[in-house]
Amino acid sequence: MAELVSDAPGAAEKSKETFEPPMSLAQSVFRHGRNPTPASEKEILDLVTQRQMAPYYARVCAAFGISKDESLYAKMADANAAEIAALAAKKEDAEANQGDMEVLDALFDAAKYHARIGDRDGAYAACDVIVDRPKISTGKRIDAVMLKIRVALFFDDVGNAKKQLEDARRLAADGGDWDRNNRLSAYESAYLIVTRDLKGAAKKLLGGVATFTCVELCTYPEFVFYAVVTNVLALPRPDLKKRIIDSPEVLQVIKQIPHLSTLVESLYNCEYSVYFASLLEIEKVLLDDRYFSQHTRYVIRELRVLVYTQFLDAYKTVTLSSMAAAFGVSVEFIDGELARFISCGRLNAKVDKVDNVVHTTRADLKSKKYQEIIKSGDVLLNRIQQLARVVSI
């Protein structure tokens, strides 16, 4: 996604703060991995060199097969070692001559510096020192855990991100303030997207649109993009109009995001050929996003199921040619799509190939509920039987 201007409430104040590591760099590295070019390689290496990120420089060179400049690496590593030594001396001076707050500030400076240079393990260890330190506020512990979460997301360390999010939620329940809880919700949203819990992410993202302050994770337009894409799949059509299309916060920035407003409005207005055209463009944006990329095929498939369901709900029968014309595709394409989704139970319809007609078969809600209860009962019975066998042993 291109660089976009943030209009989020409170984002301007937050943007003045310095947060490490820089998520924009992780996004640049991800895009370079998808489409490596000399220009993108130079951009990444220039930023890494400017920030003297010796550990990350070695990681990037190894990942992309770039010839490592040993003299440059040694120079950056020496600068890193000197700064780490200076920060250790600052901590020792604070312990000897100043108070607990100054010691804590020195510990945070060390943790942030390890994150700044791309030293993942060093950042984790420095954050653990803060969390394990006695007599510090819950808020400061949450800050240290959230720094650890950012490092985990920066390095795509999903397992560690999950553990740190659990720790952060526990700490927040004990005494987190509104701002930290609000930012933590954004962190959880990113994690849920990475792990493909899009409905869980949708709820948190939608709740954070009006109160976004998490500029260290992404820009506000990127946050809105995540919120809109996930909630198109999660919200019923009336709620989509109220909470997305007519939302003042979304309207502030959605025009900055190419094709997104077209996607949502065409779905709501039943302009199916426009929807399909915008879907092709949105797919490119999803592929280029480090959180969504691995789930792009799934998201695009669900968006197609959604629109086919909406179209067929309006008809008892409809010809394949009429449906193909509405979507701006060939009859062969729509026939293949319907066959695929009907066969796996995603669409309640049947295709009459003799007359080239689609018959919708609306499910009986009472029968559907009955079948779900029977299925759940069978699962529960199997688990009880397994438990009984274990107990008897």
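Our subject is the structure listed above.
None of these values were measured; they are calculated from a predicted model.

1. Thoughts on the layout of surface pockets
Logical step 1: Here the second largest pocket is characterised by a volume of approximately 530 Å³.
Logical step 2: Along the wall of the second largest pocket there are 20 residues; nearest its centre are V232, L233, A234, L235 and L306.
Logical step 3: Breaking the lining of the second largest pocket down by element, the ones donating at least two residues are α11 (198-208), α12 (220-234), α13 (237-245) and α17 (296-313).
Logical step 4: Ranked by residue count, the leading element in the lining of the second largest pocket is α17, at 7 residues.
Logical step 5: Its residues assigned to classes, the lining of the second largest pocket shows 11 nonpolar, 2 polar and 7 charged.

2. Quick word on empty space enclosed by the protein
Any space left empty among the atoms is revealed by the rolling of a water-sized probe across them.
Logical step 1: Taken as a whole and assessed by the stated rule, the structure comprises 2 cavities of 30 Å³ or more.
Logical step 2: Elements supplying a minimum of two residues to the lining of the largest cavity: α13, α14 (248-253) and α15 (260-268).
Logical step 3: Taken as a whole, the second largest cavity encloses approximately 50 Å³ of empty space.
Logical step 4: Lining the second largest cavity, in full, are A186, S189, A190, I193, L205, L217, C218, F223, Y226 and Y291.
Logical step 5: Elements that contribute at least two residues to the lining of the second largest cavity include exactly α10 (178-194) and α12.
Logical step 6: At 4 residues, α10 tops the list of elements feeding residues into the lining of the second largest cavity.
Logical step 7: Looking at the lining of the second largest cavity residue by residue, the classes come out as 9 nonpolar, 1 polar and no charged.

3. Details of unusual backbone geometry
Logical step 1: Geometrically, the link from E20 to P21 is a cis peptide bond, its omega value of -10° lying close to zero.
Logical step 2: By the secondary structure assignment, P21 is in the loop between α1 (11-15) and α2 (23-34).
Logical step 3: Although it is not a glycine, Q52 sits at a positive phi angle of roughly 55°.
Logical step 4: Summarising the element assignment, Q52 is placed in the loop between α3 (38-50) and α4 (54-64).
Logical step 5: A relative accessible area of 33% places Q52 in the partly exposed class.
Logical step 6: Despite not being glycine, N356 shows a phi value in the positive range, around 55°.
Logical step 7: Locating N356 in the fold gives a position in the loop between β2 (349-352) and β3 (357-360).

4. Notes on the pattern of salt bridges
Logical step 1: Counted by the stated rule, this structure contains 25 salt bridges.
Logical step 2: R169 is the salt-bridge partner of E188, the closest N and O atoms lying 2.4 Å from each other. Of the two residues, E188 sits in helix α10 while R169 sits in helix α9 (residues 158-175), which places them 19 residues apart along the sequence.
Logical step 3: Note that R346 and E302 form a salt bridge whose closest N and O atoms lie 2.8 Å from each other. With R346 in the loop between α19 (331-343) and β2 and E302 in helix α17, the pair connects residues that are 44 residues apart, well separated along the chain.
Logical step 4: Salt bridges sharing partners connect three or more residues here, namely E20, R51 and R116.

5. As for the sheet that holds β3
Logical step 1: Here we have 3 strands laid out as an open sheet, ordered β1-β3-β2, and antiparallel in their pairing. Edge strands, defined here as strands with exactly one partner in the open sheet, are β1 (317-319) and β2. Across this sheet, the average inter-strand angle for adjacent strands is 20°, counted without regard to direction.
Logical step 2: Both β2 and β3 contribute to a ladder of 4 bridges, which runs antiparallel. Across the sheet, the residue bridging to A349 is T360, located in β3.
Logical step 3: Running at roughly 135° to β2, α19 makes contact with β2 and β3 of the sheet.

6. A closer look at the packing of aromatic side chains
Logical step 1: According to the stated counting rule, one finds 18 aromatic pairs in the structure shown.
Logical step 2: The rings of Y272, F276, Y308, F311, Y315, F327, F333 and F341 are connected pair by pair, giving a single aromatic cluster.
Logical step 3: Above the face of the Y298 ring, R196 is positioned so that its terminal group lies 4.5 Å from the ring centre.
Logical step 4: Here R237 stacks its cationic end above the ring of Y268, 4.5 Å away from the centre of that ring.

7. A few points about the environment of Y187
Logical step 1: Looking at the secondary structure, you find Y187 in helix α10.
Logical step 2: Judged by relative accessible area, Y187 falls into the buried class, the value being 0%.
Logical step 3: Through-space distance from the C-alpha of Y187 to that of D128 is 19 Å; in sequence the pair is 59 residues apart.
Logical step 4: Excluding anything up to four places from it in sequence, Y187 contacts M146, I149, R150, L153, L165, C214, E216 and L217.

8. Some thoughts on the side chain of S278
Logical step 1: Of note, S278 is situated in helix α16 (residues 272-287).
Logical step 2: Note on S278: relative accessible area 4%, which makes it buried.
Logical step 3: Reaching out from S278, the side chain makes a polar contact with the backbone oxygen of Y275 at a distance of 2.8 Å.
Logical step 4: If sequence neighbours within four positions are ignored, S278 has contacts with H259, T262, L263 and S266.

Conventions adopted
- Residues numbered from 1 in each chain as written.
- Predicted model: local features only at pLDDT ≥ 70, side-chain atom pairs only at ≥ 80, totals over all residues.
- Heavy atoms only, no water.
- 1 Å grid on protein atoms, 1.4 Å probe; cavity = no way out; pocket = protein on both sides within 12 Å on 5 of 7 lines; lining within 4 Å.
- Points joined across faces, edges and corners; volume = space filled by probe spheres on them.
- Helix = DSSP H or I, 4+ residues; strand = E, 2+ residues; numbered from the N terminus.
- Nonpolar A, V, L, I, M, F, W, Y, C, P; charged D, E, K, R; others polar.
- Buried < 20%, exposed > 50% of the residue type's maximum accessible area, 1.4 Å probe, protein only.
- Salt bridge = Lys/Arg side-chain N within 4 Å of Asp/Glu carboxyl O.
- Pairing = 2+ DSSP bridges.
- Axes fitted to C-alpha atoms, helices over the stretch in contact; angles between N-to-C directions.
- Contact = heavy atoms within 4.5 Å.
- Phe/Tyr/Trp six-rings, centres within 6.5 Å; stacked < 30°, edge-to-face > 60°.
- Lys NZ or Arg CZ within 6 Å of the ring centre and 35° of its normal.
- Polar contact = N/O pair within 3.5 Å; in protein donor to acceptor, adjacent residues only side chain to side chain.

Read these as layout, nothing more, since geometry by itself doesn't imply function.
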